[in-house]
Amino acid sequence: MAGPLTREQILDTTEQVLRRFGLEKTSVVDVARAIGVSHGTLYRHFPSKAALKEAVAERWLHEVSAPLAAIIQKDGSSLEKTRMWVEKLIDIKQSKASEDPELFAMYNALAEESVESIGKHINELISQLTKIVEQGIQTGEFQKGEARQQASAIFYATARFHHPALAKEWETPSIKNEFEQVWNLLESGLVKK
């Protein structure tokens, strides 16, 4: 190994090792061996196997949330941006599930073990959506109300289309039509009459 060991190198290698051995069978020693360092070296970066797995889960969750943040600043009405944000979330999750179902399942299991990371991730997503809803309320496009409550309602009302536990349902032929039904209901509750 050339140069100092970085966090990203460790996380990249951990991802490869997790893919090879699976979540349950992967050890810190396996990761260290793949990098070519002692397991003690890894413990200088991550205090435990759980902390290492948590960091891998957080990185994966960030790959979901980062592209969504850019939508807040895009041009368009708040309704357009809300729909764009929800559809992008759905697209990211469904693409990850269809492109590599095995890795998607592993990451979901990893994320489920990282309860604190999941809570932060959901909070971050709802906070992003809250900013869009606040814009809609301020411009008079959306009905007055508590923006965070409205954002939470949108997030949870659309969970069927983006929650990993429901990934099998994403393959049903009627899923797009079902999303349209949910979206129409949400839109009727958001938009100021």
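Within every chain, residues take consecutive numbers counted from 1 along the sequence as written. The predicted nature of this model means local features are confined to residues of pLDDT at least 70 and side-chain atom pairs, given and counted, to a pLDDT of 80 or more, with totals for whole chains, interfaces and linings taken over all residues. Calculated side-chain values reflect all of the structure's heavy atoms, with hydrogen atoms and water omitted.

Trainee: Would you explain the overall build of the protein in this entry?
Mentor: From N to C terminus, the protein includes 9 helices and 0 strands. The helix count covers DSSP runs of H or I at least four residues long, the strand count covers runs of E at least two residues long, and both are numbered beginning at the N terminus. Secondary structure elements of the protein, listed N to C terminal, follow the sequence α-α-α-α-α-α-α-α-α. The 193 residues of the protein split such that 41% are buried. Any two residues having at least one pair of non-hydrogen atoms within 4.5 Å are treated as being in contact. Considering only contacts within the protein whose residues lie at least 6 apart along the sequence, 66% involve residues at least 24 apart. Charged side chains of the protein number 24 positive and 27 negative; the gap between the two group centres comes to 2 Å. Residue burial is assigned from relative accessible area. The probe radius is 1.4 Å, only protein chains are included, and a residue is buried under 20% of its type maximum, exposed over 50%, and partly exposed in between. A residue counts as positive if it is Lys or Arg and as negative if it is Asp or Glu; His and the chain ends are not included. A single reference atom marks each charge: NZ on Lys, CZ on Arg, CG on Asp, CD on Glu.

Trainee: When you look at the confidence of the model for the protein in this model, what are you seeing that I'm missing?
Mentor: For the protein, mean pLDDT is 91; residues scoring 70 or higher make up 99% of the total. Within a predicted model, pLDDT stands for the predictor's per-residue confidence, ranging from 0 to 100. The spread of mean pLDDT over the elements of the protein runs between helix α6 (residues 101–113), the lowest at 77, and helix α8 (residues 147–157), the highest at 97.

Trainee: Sorry, what's going on with the pattern of salt bridges here?
Mentor: A side chain of one charge can pair with a side chain of the opposite charge when the charged atoms of the two come close. By definition here, a salt bridge exists when the distance from a side-chain nitrogen of Lys or Arg to a carboxyl oxygen of Asp or Glu is within 4 Å. Per the stated rule, a full pass over the model turns up 10 salt bridges. Note that E8 is salt-bridged to R59, the shortest N-O span being 2.7 Å. Of the two residues, E8 sits in helix α1 (residues 7–21) while R59 sits in helix α4 (residues 49–69), which places them 51 residues apart along the sequence. Overall, the relative accessible area of 42% leaves E8 in the partly exposed class. For R59, a relative accessible area of 17% translates into the label buried. In this structure, the salt-bridge partner of E180 is R83, at a minimum N-O distance of 2.3 Å. A residue pair is termed long-range when its members are at least 10 positions apart, and E180 in helix α9 (residues 175–190) and R83 in helix α5 (residues 78–99) qualify at 97 residues. The exposure class assigned to E180 is partly exposed, which follows from its relative accessible area of 31%. Salt bridges here are not isolated pairs; linked through shared partners, they connect E8, D12, E15 and R59.

Trainee: Teacher, can you tell me more about the packing of aromatic side chains here?
Mentor: Two measures describe an aromatic ring pair: the distance that separates the ring centres and the angle between the ring planes. Aromatic rings from Phe, Tyr and Trp, with only the six-membered ring used for Trp, were paired whenever their centres fell within 6.5 Å, and each pair was classed as stacked if the ring planes differed by under 30 degrees, edge-to-face if by over 60, and tilted otherwise. Per the counting criterion, the structure on display carries 5 aromatic pairs. Residues F161 and F179 carry aromatic rings whose centres are separated by 5.4 Å and whose planes lie at 85° to one another, so their mutual orientation is edge-to-face. Here F179 lies in helix α9 and F161 lies in the loop between α8 and α9, a separation of 18 residues in the sequence. Measuring from ring centre to ring centre gives 6.4 Å for F179 and W183, while their planes differ by 25°; the resulting arrangement is stacked.

Trainee: Honestly, the side chain of T158 in this entry has me stumped. Any pointers?
Mentor: For T158, the position within the fold is in the loop between α8 and α9. Only 3.1 Å separates the side chain of T158 from the backbone oxygen of F155, close enough to count as a polar contact. We call two N or O atoms a polar contact when they sit within 3.5 Å, provided that within protein one can donate a hydrogen and the other can accept it, with sequence-adjacent residues counted only if both atoms are side-chain atoms. A distance of 3.1 Å separates polar atoms of two side chains, one belonging to T158 and the other to H162. Excluding residues within four positions of it along the chain, T158 makes contact with V86, F179, V182 and L186.

Trainee: How do you make sense of α4 when you look at a structure like this?
Mentor: For an α-helix the count is 3.6 residues per turn, leaving residues at separations of three or four pointing the same way. An expected span of 1.5 Å times one less than the residue number is assigned to each helix. Relative to the 30 Å expected for 21 residues at 1.5 Å per residue, α4 spans 30 Å between its end C-alpha atoms, a close match to the ideal helical length. A residue's bend is simply the angle between two axes: one fitted to the seven residues ending at it, one to the seven starting at it. At E63, α4 shows its maximal bend, which comes to roughly 30°, and the proline P67 appears one to four places after that position. Every buried residue belonging to α4 is among L52, K53, A55, V56, A57, R59, W60, L61, V64, S65 and L68, and all of these are buried.

Trainee: Would you mind showing me how to read α9 here?
Mentor: For α9, with 16 residues, the first-to-last C-alpha span of 22 Å sits near the 22 Å given by 1.5 Å per residue. Taken together, the buried positions of α9 are occupied by I175, F179, W183, L186 and L190. Down the axis of α9, the sector holding all buried residues measures 65°, keeping them to one side. On its buried side, α9 packs onto α5 and α8. When we speak of the arc, we mean the arc of directions from the helix axis to the C-beta atoms.

Trainee: Where do I start with the environment of E87 in this structure?
Mentor: Relative to the helices and strands, E87 resides in helix α5. Considered as a pair, E87 and N108 are 21 residues apart in the sequence and their alpha carbons are 20 Å apart.

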